[in-house]
Amino acid sequence: MSFRPVLLLALLLVAPVYAVEFDQRERATIASHGPWPPPPVLDDSNRVSGNKAAIRFGEMLFFDHALGGDSRMSCASCHDPGRAFTDGRTTGFGRTRLARNTTSLLNLAGNRWFGWGGENDSLWAQSIRPILALEEMASTPLLVKKIVLGRDRYREYYRDAFSVAAADEDSEILLVNVGKALAAYQETLVSPRSPFDDFRDALLAGDEAAMAQYPRSAQRGLKLFIGEGRCSVCHLGPRFSNGEFENVGIPFQVPGGVDPGRYQGIQKLLANPYNRLGPFNDGNAQDNAVATRSLRPDDRNRGRFRVPGLRDLVETAPYMHDGSLGTLDDVVRHYSELDDELAGAGADRFLRPLRLDDRQVEDLTAFLRSLSAY
Ligand code: HEC
Ligand code: HEC
C-alpha cells in the first residue's frame, strides 16, 4: 500500500474521534439561535403593518429616486438589495459623507430600537429620518406629497392602505404614512436560511448525516462563539443580537469630535415628535411605549452602539458602526487582541482579550461566514 491511501484510511478512522461534541447546555444555546425564518410579527404602533397595499406602496417608494428630490437618490441607493441592503462603503454617502456605516435592513420586524445609537423606537420613524435629513435625501413633507400625488399607482395604494385620498391629507400626516408604508415593506425583508440553520435543525433532530454537512471548522467556531468567546452573551437569539447597546472598544472619534452613540441616541429619540410617546403612534402608548418612557440619558451610554445581528455578514462588509473593520478576520482579531486599556475605559464587562491562536481565528471566522446563505 502506498503512503497516501494509508494516511487517508488513518484519517477516516480517527475522524469520528475529532467530531465536535456539544453538551446539553451548548445544545440549548444552539437551539436558541433559531428557528429560522422567525414567525412574522406586526408592529402595533403602525396600523398598516402587514397591509398588502402598504407593502406594495412602500416597496415602490423604496426604489423611487424622486423621493430624494434634486439629489436623485432612493433608499436603495444606500441600501442595495444585492448587498443585503448595505452599500459596501465605510460610512454612508448622501449629499455629504455620513459618520456611520450603512446598516442592513434585513430582519428588522419586531426590533425595539433602530439606528446604531437607537435614535428611533419604530421602523416607521427611522424611515422618515433619511427623507428629511439634510445630509441624506433633504426632502420636505410638501415635496413628498407632490411625489405621491404625481403617480396614479401611488394615489391608488395610498387610498387602499389609509382609506383617505392623498390629495385630502395633511402633508405631515402623509409623510408619516409614507414612513409607515416604507416600514411595512421593510418588515417583509428576512435573511435566507444559512448552513448554520441546517446544522442547528439537524442537531436537534439528531440527524448525524445532515450534521456532517456543516464544516468541522464552523462547528469548532460555533463552540467558541457560545463558550469561551462569550459572543452569545450579546449576540443572542435567532438574529444574534440582544437589541441593546454595548461598547466593544471601537474608538468613537469622528472628524471634529466624538460619536456619543447611545447617549445621544436617547436624547434624539426623546426629542423626536415621531417617537412612540407622540401623537402618531397608532397603538396603545401605555403598552408599547413603556421602554421609551423609561429612558434617561446616562453617561454610561457614551460610546455604546447597538449590538448588530450577525446574519448575512458575507455581504455586508465593512463592519462596526464606523465601518472601521474591513473583514471578518479583522473583527475576530479585534475581539482576540482587544486593547486592555480601551476595554478598561468603558468597554463592557463581558469583554476581555480572547488571545485566540490562528486556527481559532479561522474557526470563529468560518462560523460567522456560515450565518450567510450558501
Ligand atoms: C445616504 C445613504 C442613505 C440613504 C439614502 C438611506 N439610508 Fe437608511 N441608513 C443609512 C445609514 C448610514 C444608516 C445608519 C444610521 C445611523 O445609525 O445613524 C441607515 C439606517 C437605516 C435604518 C436602521 C436599520 C437598523 O438596523 O436599525 C433603516 C430602517 C433605514 N436606514 C431605512 C432607510 C429608508 C427607508 C430609506 C429611504 C427613505 C433610507 N434608509 C435611505 C444610509 C442611508
Ligand atoms: C458586550 C457585548 C458583545 C460581545 C460579548 C460581543 N459582541 Fe460583537 N458586537 C457588539 C457590539 C455593540 C457591536 C457593534 C460595535 C460598534 O460598532 O461599535 C458588535 C459588532 C460585531 C460584529 C460586526 C457586525 C457588523 O455588522 O458590523 C461582529 C462580526 C461581531 N460583533 C462578532 C462578535 C464575536 C465573534 C464575538 C465573540 C468573540 C462578539 N461579537 C462578542 C457587542 C458584543
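On a predicted model such as this, the values are computed, not experimentally measured, just so you know.

(A) Examining the overall build of the chain more closely. Secondary structure summary: the chain contains 17 helices and 4 strands in total. A compact globule built from 374 residues should have a C-alpha radius of gyration of about 21 Å, and the chain, at 23 Å, falls within 12% of that. In terms of its C-alpha atoms, the chain occupies a principal-axis envelope of roughly 85 × 45 × 40 Å. Of all 374 residues assigned to the chain, the portion counted as buried reaches 50%. A separation threshold of at least 6 residues defines the contact pool for the chain, and within that pool the share at least 24 residues apart is 71%. Here the chain displays about 18300 Å² of accessible surface, and carbon together with sulfur accounts for 55% of that area. The positive charge centre, built from 44 side chains, and the negative charge centre, built from 49, are 2 Å apart in the chain.

(B) Spatial organisation of the pattern of salt bridges. Taken as a whole and assessed by the stated rule, the structure comprises 20 salt bridges. Across the pair Asp198 and Arg193 runs a salt bridge, and its minimum N-O distance is 2.8 Å. Each of Arg193, Asp198, Arg200 and Asp201 takes part in a single network of salt bridges with overlapping partners.

(C) Up close: the domain arrangement of the chain. Per the domain assignment, the segments making up the chain are domain 1 (19-38 + 192-246 + 307-369) and domain 2 (52-186). Facing the 16 residues of domain 1 at the interface are 22 residues of domain 2. Where domain 1 abuts domain 2, roughly 1300 Å² becomes buried across the two surfaces, and 55% of that area is made up of carbon and sulfur atoms. Sorting the residues of domain 1 by area buried against domain 2 places Arg239, Phe245 and His321 first, and these three jointly supply 37% of that buried surface. Across the domain 1-domain 2 interface, the total number found is 0 salt bridges. Across the contact surface, domain 1 and domain 2 share 5 residue pairs in polar contact (both at pLDDT 80 or more). A per-class count over the side of domain 1 that touches domain 2 returns 6 nonpolar, 4 polar and 6 charged.

(D) Representation of the packing of helix α11 (residues 216-226) against helix α17 (residues 358-369) within the structure. Where α11 contacts α17, the two axes come as close as 7 Å, and the packing angle between them is 95°. When the axis of α11 is compared with that of α17, the two are roughly perpendicular. Where α11 abuts α17, its residues Ser217, Ala218, Arg220, Gly221, Leu222, Leu224 and Phe225 lie against Arg359, Gln360, Glu362, Asp363, Leu364, Ala366, Phe367 and Leu368. Residues belonging to the contact of α11 with α17 are distributed by class as follows: 8 nonpolar, 3 polar and 4 charged.

(E) Representation of helix α12 (residues 262-271) within the structure. Along α12, the residues classified as buried are Arg262, Tyr263, Gly265, Ile266 and Leu269. Projected down its long axis, α12 shows its buried positions confined to an angular sector of 165°, all on one face. Contacts made by the buried residues of α12 are with β1 (245-246) and α14 (290-293).

(F) Highlighting the coordination of the iron atom of ligand 2. Looking at the iron atom of ligand 2, the protein donor atoms are His235 (NE2) and Tyr335 (OH), and they sit 1.9 to 2.1 Å from it. What the 6 donor atoms of the iron atom of ligand 2 show is an angle range of 87 to 180° at the metal, which sorts the shape as octahedral. Here Tyr335 lies in helix α15 (residues 328-337) and His235 lies in the loop between α11 and β1, a separation of 100 residues in the sequence. Overall, the relative accessible area of 10% leaves His235 in the buried class.

(G) Inspection of the site of ligand 2 at higher detail. Taken together, 23 residues are adjacent to ligand 2, and Cys231, Cys234, His235, His321 and Tyr335 come closest. Interatomic distance of 2.7 Å between a backbone N/O atom of Met320 and an oxygen atom of ligand 2. Between ligand 2 and Tyr335, the relevant distance is 2.7 Å, taken from a nitrogen atom to a side-chain nitrogen or oxygen of the residue. Put simply, the parts of the chain that give the shell around ligand 2 at least two residues each are β4 (305-306) and α15. Classifying every residue of the shell around ligand 2 by side-chain character gives 16 nonpolar, 3 polar and 4 charged.

Thresholds applied
- Residues numbered from 1 in each chain as written.
- Chains lettered and ligands numbered in written order.
- Predicted model: local features only at pLDDT ≥ 70, side-chain atom pairs only at ≥ 80, totals over all residues.
- Heavy atoms only, no water.
- Helix = DSSP H or I, 4+ residues; strand = E, 2+ residues; numbered from the N terminus.
- Rg over C-alpha atoms; globule rule 2.2 N^0.38 Å.
- Buried < 20%, exposed > 50% of the residue type's maximum accessible area, 1.4 Å probe, protein only.
- Contact = heavy atoms within 4.5 Å.
- Areas by Shrake-Rupley, 256 points an atom, 1.4 Å probe, with all protein chains shown as cover.
- Lys, Arg positive; Asp, Glu negative; His and termini not counted.
- Charge placed at Lys NZ, Arg CZ, Asp CG, Glu CD.
- Salt bridge = Lys/Arg side-chain N within 4 Å of Asp/Glu carboxyl O.
- Domains from an automatic or database assignment.
- Buried area = accessible area lost by both parts, 1.4 Å probe.
- Polar contact = N/O pair within 3.5 Å; in protein donor to acceptor, adjacent residues only side chain to side chain.
- Nonpolar A, V, L, I, M, F, W, Y, C, P; charged D, E, K, R; others polar.
- Axes fitted to C-alpha atoms, helices over the stretch in contact; angles between N-to-C directions.
- Parallel < 35°, antiparallel > 145°, perpendicular 65-115°, else oblique.
- Arc of directions from axis to C-beta.
- Donors = N, O, S within 2.8 Å, 3.2 Å for Na, K, Ca; no water.
- Tetrahedral: all angles 85-135°; square planar, octahedral: opposite > 155°, others 65-115°.
- Near = heavy atom within 4 Å.

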